[in-house]
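Observations on the three-dimensional arrangement
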Amino acid sequence: MKKFLKRLKHANRISFISLWFLLFLYLIAFLADFISPYPYDLQNREYALCPPTAPRVFHDGRVSLRPFVYGIEIVNPAFQEYAADTSRIYPIRLFAKGTERTLAGFLKTDRYLFGTGDEGKIFLFGTDLHGRDVFSRVLHGARISLSIGIIGVSISFILGLLVGGVSGYFGGKTDVFLMRMVEIIMMFPFFYLMLALRAAFPPNLSSVQVYFLIVVILSLIGWASLARIIRGMVLSLKEEEYVLAARSLGLSSFRVITRHILPGTFSYTVTALTLSVPGYILGESALSLLGLGIQEPYPSWGNMLSVTVGNLRILTGAPWMMIPGLFIFLTVIAFNFLGDGIRNVADPKNW
Amino acid sequence: MEKMLEIKKLEVSFRPAVGESVKILRGVNLSVGKNESLALAGESGSGKTVTARAVMKLLPNNMNFEKGEILIRDRNVMNLKEQEFRKIRGKDVSMIFQEPSSYLNPVFTAGSQVLEAVKGDGPGRKERTIKLLNEVGLKENVFYQYPHQLSGGMQQRVMIAMALINNPGLLIADEPTTALDVTTAYGIVELLKEMMEKHGLSMLFITHDISLAVNFANMIAVMYAGRIVELAGAGEILNSPLHPYTEMLVSCLPEKYKSGDKIKTIEGKVPDFRDLPKGCSFHPRCPYKKEICLREEPGEMKRGEGIVRCFKYGDFVEA
């Protein structure tokens, strides 16, 4: 693993950076409750569509050692016009007090990583239509959007490896049956199949249920093409002499497949794995965008974006609402770079 | 005496992608007694490896059993299901192969592969493995090494350890020394002899090298075009070969040359299975051929402990 990282660093600088960027994203998603200055569903009605507040260090030509924010002055509440009130200064405190909430399911605390205490407001990415802090919501939304890729990919890869492995190893009628099944699944256009599957379930499910539903739907679609590729690789790998040797030792078919054949496909699968994570993130976004995914008030990057669709006032007047889109973009690109890098490094010909 | 392996009238056919199926083994009879070694010798393409893989029931998909019986420890295994036969593989009969480097999985350590072969759990599996590795002449650190870090001879020793870990009664060695250089091969042969003695092993030793066969085995079966043409003790094969083919093979041995002699070869080549000559399949290359050889196939005739298929020794025709 260490060697692998070293090789990745030398072979492909940008994918190495992507790896750290992704790890960083996963870390902040994991710590979202603690890092975000407000709960994701805390509404500040009077501050709807407030632009981002910038942390500052200069005031009246002097440098303040502690970063601070100005107070927000409501110029016109009807049209959501705000201005910075330079007479009020709120220093940004570490471990500031706020609304009490439960961390990790058991730790009750009213401390946040940073904040301005009770008086001032700090909206790093601005607020949405209900005055909720976009920064906090992006962090919480990252949990959904980032985990859906990993979980979905794992399920579909286990399915794909098993079906592909069995199909290629046994051949004959098993192969014909499984491959026709795969072709039937692949025949449907990805997006419509996703919509149809989602439509088959009741619309009024809880967020957790919807979350699992989406994972299952996405992975049920995703395994088919992988199974086909794995089957092709197994067809050639099963002729390797060490497979014959393993069989001559009396190992069971399952063991021969999982231990002696499938590891031979890993240089491909690891790459395909990282390259297909973006598909799941985008799939979730697409479902949420259409209102079929994660439901408000719980945030996901997709459903945060969905508010902006077709709303000209937001597009022109509150572009910070599209920040979740930027995160989707960065994550997808990082996964693609990482996959590219792994493909280069995992291929023994490039060592 | 208990027979470890007995093959009776085994016929195996090959089904090509196009065209009719072709018989590869045409009535092979063999038997290996307890703690005996039988060498199966013959040119490339005579059906030696197919015989071995038939015993393991690991024939390639395009080959089929046609007729005959295979008995392992006097138990007919021809009709056993794959699941049941799997219990026999590795436990009663195991196999080592020609090219050790490609028969070891490159992604696992040697030790874990030997360990994997152990049937059943039970404590001390690792200790047993390391002990056996020592026994086949390897140091303990080999346990943690990958196949590509080992030499060919060491790889073959790992294969032998893998094959012997469950104390099988019968070991099939399919040209275990072909891919090795002469000194390493000698070491492997000596090791196999030692293992036979220590573990009371029976051995079916497949080789194309008749001098190696004579050196190694008590009995030698000479195979030609999917048939055993002569079966005899090692001494008889070397000193008084019966079948013309054996005679020619033995006369080609370098030990028989005087200095200045030309290197002898057998004219012609192994016949194509799709187009076997009518009558005795060896007749196109045979210096003793008679009129009957062109028409009929010779049957198995008993000569002492062994058998021979040649009209030189009688007119017994294959049914």
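Conventions we followed
Residues numbered from 1 in each chain as written. Chains lettered and ligands numbered in written order. Predicted model: local features only at pLDDT ≥ 70, side-chain atom pairs only at ≥ 80, totals over all residues. Heavy atoms only, no water. Helix = DSSP H or I, 4+ residues; strand = E, 2+ residues; numbered from the N terminus. Buried < 20%, exposed > 50% of the residue type's maximum accessible area, 1.4 Å probe, protein only. Contact = heavy atoms within 4.5 Å. Domains from an automatic or database assignment. Buried area = accessible area lost by both parts, 1.4 Å probe. Salt bridge = Lys/Arg side-chain N within 4 Å of Asp/Glu carboxyl O. Polar contact = N/O pair within 3.5 Å; in protein donor to acceptor, adjacent residues only side chain to side chain. Disulfide = S-S within 2.5 Å. Patch = residues over 30% accessible without salt bridge, like charges linked within 9 Å, V, L, I, M, F, W, Y side chains within 5 Å. Areas by Shrake-Rupley, 256 points an atom, 1.4 Å probe, with all protein chains shown as cover. Lys, Arg positive; Asp, Glu negative; His and termini not counted. Charge placed at Lys NZ, Arg CZ, Asp CG, Glu CD. Pairing = 2+ DSSP bridges. Nonpolar A, V, L, I, M, F, W, Y, C, P; charged D, E, K, R; others polar.

A tally of regular secondary structure across chain A gives 13 helices and 5 strands. Counting only C-alpha atoms, chain A reaches 85 × 45 × 40 Å along its principal axes. Taken over 351 residues, chain A has a buried fraction of 46%. Contacts in chain A between residues at least 24 apart in sequence constitute 67% of all its contacts with a sequence separation of at least 6.

Residue and element names in this part refer to chain A. The domain architecture assigned to chain A consists of domain 1 (42-132) and domain 2 (136-350). Centre-to-centre, using C-alpha coordinates, domain 1 lies 38 Å away from domain 2. Each partner contributes residues to the interface: domain 1 has 11 residues there, and domain 2 has 12 residues. Approximately 870 Å² of surface area, both sides summed, lies buried where domain 1 meets domain 2, with 69% of it carried by carbon and sulfur atoms. In this structure, the connection of domain 1 to domain 2 is made through 1 salt bridge. Notably, a salt bridge pairs arginine 137 with aspartate 128, separated by 3.7 Å at the nearest N-O pair.

This part covers the domain arrangement of chain B. Residues and elements named next belong to chain B. Domains assigned within chain B are domain 1 (3-92 + 168-313) and domain 2 (100-167). The C-alpha-based centres of domain 1 and domain 2 are spaced at 29 Å. Across the boundary between the two partners, domain 1 contributes 21 residues, which contact 13 residues of domain 2. Taking both sides of the interface into account, the surface hidden between domain 1 and domain 2 amounts to around 1400 Å²; carbon and sulfur atoms contribute 67%. Summed over the shared surface of domain 1 and domain 2, the result is 3 residue pairs in polar contact (both at pLDDT 80 or more).

Right, let's talk about the state of the cysteines for a bit. Residues and elements named next belong to chain B. Counted by the stated rule, this structure contains 0 disulfides over all chains. Free cysteine cysteine 252: the closest other cysteine sulfur is in cysteine 286, separated by 14 Å. On the basis of relative accessibility, which here comes to 12%, the residue cysteine 286 falls in the buried class.

Together, A:Glu239, A:Glu240, A:Glu241 and B:Glu99 give the surface a local cluster of negative charge. Along the chain, B:Glu99 turns up in the loop between strand 6 (93-96) and helix 3 (100-103). On the accessibility criterion, B:Glu99 (37% relative accessible area) is partly exposed.

All names here are of chain B. Here strand 6 shows no split at all, with Val93 and Met95 on one side and Ser94 and Ile96 on the other all buried. Inspection of the sheet shows strand 6 paired to strand 7 (residues 170-174) by 4 bridges, in the parallel sense. Residue pairing across strands places valine 93 opposite leucine 170, the latter belonging to strand 7.

Taken together, the 23 residues of chain B in the interface contact 16 residues of chain A. Buried surface at the junction of chain B and chain A, summed over both partners, amounts to about 1800 Å²; 59% is from carbon and sulfur atoms. Counting across the chain B and chain A interface gives 2 salt bridges. The salt bridge involving A:Arg259 is made with B:Glu116; its shortest N-O contact spans 2.6 Å. Linking chain B with chain A are 6 residue pairs in polar contact (both at pLDDT 80 or more), by the criterion used here. Of all the secondary structure elements, the ones that give two or more residues to the side of chain B that touches chain A are strand 6, helix 3, helix 4 (110-117) and helix 6 (152-164) of chain B. In terms of residues, the side of chain B that touches chain A owes the most to one element, helix 4 of chain B, which gives 3 residues. Here the residues of the side of chain B that touches chain A sort into 13 nonpolar, 5 polar and 5 charged.

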